[in-house]
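# Fold and contact review
The chain contents come next:
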Amino acid sequence: MAYDMLLLRFGEITLKGKNRMRFEKAALMHIKSLLRPYPAVEILREFGRIYVLLNGEPAREIIEALKQVFGVTSISPVKIAPPRLEEIIAAAKDFVRELPADRTIPFKVNARRVWKPFPYGSQEMNRLIGGPVLQASPQLKVDVHHPEVELRVEIREQGAYIFSEVIPGAGGFPLGTNGKAMLLLSGGIDSPVAGWSAMRRGLEIECVHFHSYPFTSKRAEEKVIELAKVLSRYAGQVKLHLVPFTEIQTSLARTGQDNLIITLMRRSMLRIANRLAEQSGALALVTGDSLGQVASQTLPSMNVIGRATDLPLLRPLVMNDKEDIIQTAKKIGTYDLSILPYEDCCTLFVPKSPSTNPNLRIVEKIEAGLTELAEQVEAAVKGTETLVIRPHEEVKRRSDQEEGAAVPDKWF
């Protein structure tokens, strides 16, 4: 069916109090950014709703894009008829002709007269539309309590809106309405899901990825860029900060503290992410930690690691089972990328027996002996490459590092 318009609804939580206008404007900006590839569409805003006039653009393709807009709870594709009884009945009969004819379908009409000068009331319109529609489509059977198809008709001055589908949206809060945070984005399954979960709660995110080129391959870096591109589908665009971590990782490995290497690395990562957050105005850090999943995600480990930053450390997945995280990754489109076998700088140096109960005093003593660590953190911040990732655009990079870059003889 060739639809004329899409009707987008907001959840009740975004419509309360003085925040309603701010939330709706944020959602509207998000929608506009996602619909840039469809220049013919027109976007109109009304209390609690947004209308997208398609003007010939593909409805199903646009619905898939708009299902990613946070704050939108549902979407309905709509046919528009002139607000005259005979025109509405004719459009309703055409609408149900698209339904299967080989089985009985429970059905009801739900008409609503929004434009009061229209000469027929809502209950009367249910009868006036339902009778001709049932005659035209004998497979339909009236069931007002448990209909499989509910034909909805909203009669407004500018036209009668006819629809039946109510497609679930992303829900949550509109993007950016609860501030900005920095997401530590690895190449694994968890951190992209944590980023999506943070965005769904109204956070704008910037991504931080740590690479140890040439110990980690360019393919690992490209994988993370593709993960950021998937997340950008839900935001219109995201910034990705690529942080050179080789020098810090080399220094930490040379301490000989193999069982604490992950703890030390993650503390340094938080310090760098903290500095980048200060530069961008982000007020929190987001990680993909899930309690007990790996050694660095035991409660003692998370406590010691988290002491490296003064910013709030948000862990959206902390109580989630791995299978739940995997299912969400598949739903949002990151799973197939996450399982590609390209190692990041954390997985590359996982020791045989990592500490699950690190001692903060010992960790701080080791760091105090690394006299160049603070300078290395600052150098990593200054050497960070920032990319702007958009879903439908090629990523622009500064010059790649030379493939023949020297590799240190030893890590320790």
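On a predicted model such as this, the values are computed, not experimentally measured, just so you know.

What follows covers helix 5 (residues 190-200). The element helix 5 is largely enclosed, with a buried count of ten among its eleven residues. Those residues of helix 5 not exposed but buried are Asp 190, Ser 191, Pro 192, Val 193, Ala 194, Gly 195, Trp 196, Ser 197, Ala 198 and Met 199. Where helix 5 is buried, its residues meet strand 10 (180-184), strand 11 (204-211), helix 6 (218-232), strand 13 (285-286), helix 10 (322-332) and helix 11 (335-338). Just downstream of helix 5 lies Gly 202, where phi reads positive at about 90°.

A word on the packing of aromatic side chains. This structure, assessed with the given rule, holds eight aromatic pairs. Grouping aromatic residues by their ring pairs yields a cluster made of Phe 70, Trp 196 and Tyr 234. Its guanidinium or amino end placed over the ring of Tyr 335, Lys 330 lies 5.0 Å from that ring's centre, counting from NZ or CZ.

With that out of the way, let us pick up the packing of helix 8 (residues 261-280) against helix 9 (residues 299-306). Two elements in contact, helix 8 and helix 9, have axes separated by 9 Å at closest approach and are oriented at 40°. When the interaxial angle is binned, helix 8 and helix 9 end up oblique. Like other packed secondary-structure pairs, helix 8 and helix 9 cross with a definite hand, here right-handed. Within the contact between the two elements, helix 8 uses Thr 263, Arg 266, Arg 267 and Leu 270 and helix 9 uses Val 304, Ile 305 and Gly 306. Here the contact of helix 8 with helix 9 is built from residues that sort into three nonpolar, two polar and two charged.

Here the focus is the pattern of salt bridges. Under the criterion given, the structure shown has 24 salt bridges. Close ionic contact of Arg 97 with Asp 94 constitutes a salt bridge, the shortest N to O distance being 2.3 Å. Among the residues examined, Arg 97 registers a relative accessible area of 51% and is labelled exposed. Here Glu 206 and Lys 180 are joined by a salt bridge, their closest N and O atoms 3.2 Å apart. Taken together, the residues Glu 206 in strand 11 and Lys 180 in strand 10 connect sequence positions 26 residues apart. As far as burial versus exposure is concerned, Glu 206 and Lys 180 are alike and both buried. When salt bridges with common partners are traced through the structure, they connect Glu 46, Arg 49, Arg 112, Glu 154 and Arg 156 into a single cluster.

Low-confidence regions, as indicated by low pLDDT, have predicted coordinates that should not be scrutinised in detail. Per-residue confidence for the chain gives a mean pLDDT of 90; residues scoring 70 or more make up 93%. Long-range and interchain partners of residues 400-412, a stretch whose pLDDT sits below 50, account for 24 contacts in this model, where long-range means more than four residues apart.

We now examine the nonpolar core. The biggest cluster of nonpolar side chains holds 46 residues, and the ones touching the most others in it are Leu 6, Leu 8, Val 52, Leu 66, Met 125, Ile 129 and Leu 151. Looking at which element gives the most residues to this core, the answer is helix 3 (residues 85-96), with seven residues. Among the nonpolar cores identified, the runner-up in size contains 35 residues, and Met 199, Val 224, Ile 225 and Leu 317 belong to it.

Counting buried positions along strand 10 gives five out of five residues, so the element sits mostly inside the fold. Residues Lys 180, Met 182 and Leu 184 point to one face of strand 10 and Ala 181 and Leu 183 to the other, with burial holding for every one of them. Two strands pair when backbone bridges link them, and strand 10 and strand 11 are joined in this way by five bridges, in the parallel orientation. Of the residues in strand 11, the one forming a bridge with Met 182 is Glu 206. Taking the sense of rotation as the criterion, the β-α-β connection linking strand 10, helix 5 and strand 11 turns out right-handed. In the sheet, strand 10 pairs with strand 13 via two bridges, with the strands oriented parallel. Paired with Met 182 across the bridge in strand 13 is Leu 285.

Another point: the pairing of strand 1 (residues 5-10). With six of its six residues buried, strand 1 lies for the most part within the structure. Burial along strand 1 is two-sided: the residues Met 5, Leu 7 and Arg 9 and Leu 6, Leu 8 and Phe 10 are all buried. Summarising the sheet, strand 1 and strand 3 (residues 49-53) pair through five bridges and their orientation is antiparallel. Bridging across to strand 3, Leu 6 finds its partner in Val 52. One ladder, built from six bridges, connects strand 1 with strand 4 (residues 72-81); its direction is antiparallel. Looking across to strand 4, one finds that Phe 10 is bridged to Val 72.

This paragraph deals with the sheet that holds strand 10. In space, the six strands of this open sheet follow the order 14-13-10-11-12-15, with mixed pairing throughout. What marks the edges here is a single partner per strand, and that holds for strand 14 (313-314) and strand 15 (385-389). Across the sheet, helix 5 touches strand 10, strand 11 and strand 13, and the angle it forms with strand 10 is around 170°.

Rules used in this analysis
- Residues numbered from 1 in each chain as written.
- Predicted model: local features only at pLDDT ≥ 70, side-chain atom pairs only at ≥ 80, totals over all residues.
- Heavy atoms only, no water.
- Buried < 20%, exposed > 50% of the residue type's maximum accessible area, 1.4 Å probe, protein only.
- Helix = DSSP H or I, 4+ residues; strand = E, 2+ residues; numbered from the N terminus.
- Contact = heavy atoms within 4.5 Å.
- Phe/Tyr/Trp six-rings, centres within 6.5 Å; stacked < 30°, edge-to-face > 60°.
- Lys NZ or Arg CZ within 6 Å of the ring centre and 35° of its normal.
- Axes fitted to C-alpha atoms, helices over the stretch in contact; angles between N-to-C directions.
- Parallel < 35°, antiparallel > 145°, perpendicular 65-115°, else oblique.
- Left-handed = near helix turned anticlockwise from the far one by under 90°.
- Nonpolar A, V, L, I, M, F, W, Y, C, P; charged D, E, K, R; others polar.
- Salt bridge = Lys/Arg side-chain N within 4 Å of Asp/Glu carboxyl O.
- pLDDT = per-residue confidence, 0-100.
- Core = buried A, V, L, I, M, F, W, Y, C linked by side-chain atoms within 4.5 Å.
- Pairing = 2+ DSSP bridges.
- Right-handed = clockwise from strand over helix to strand, strands pointing away.

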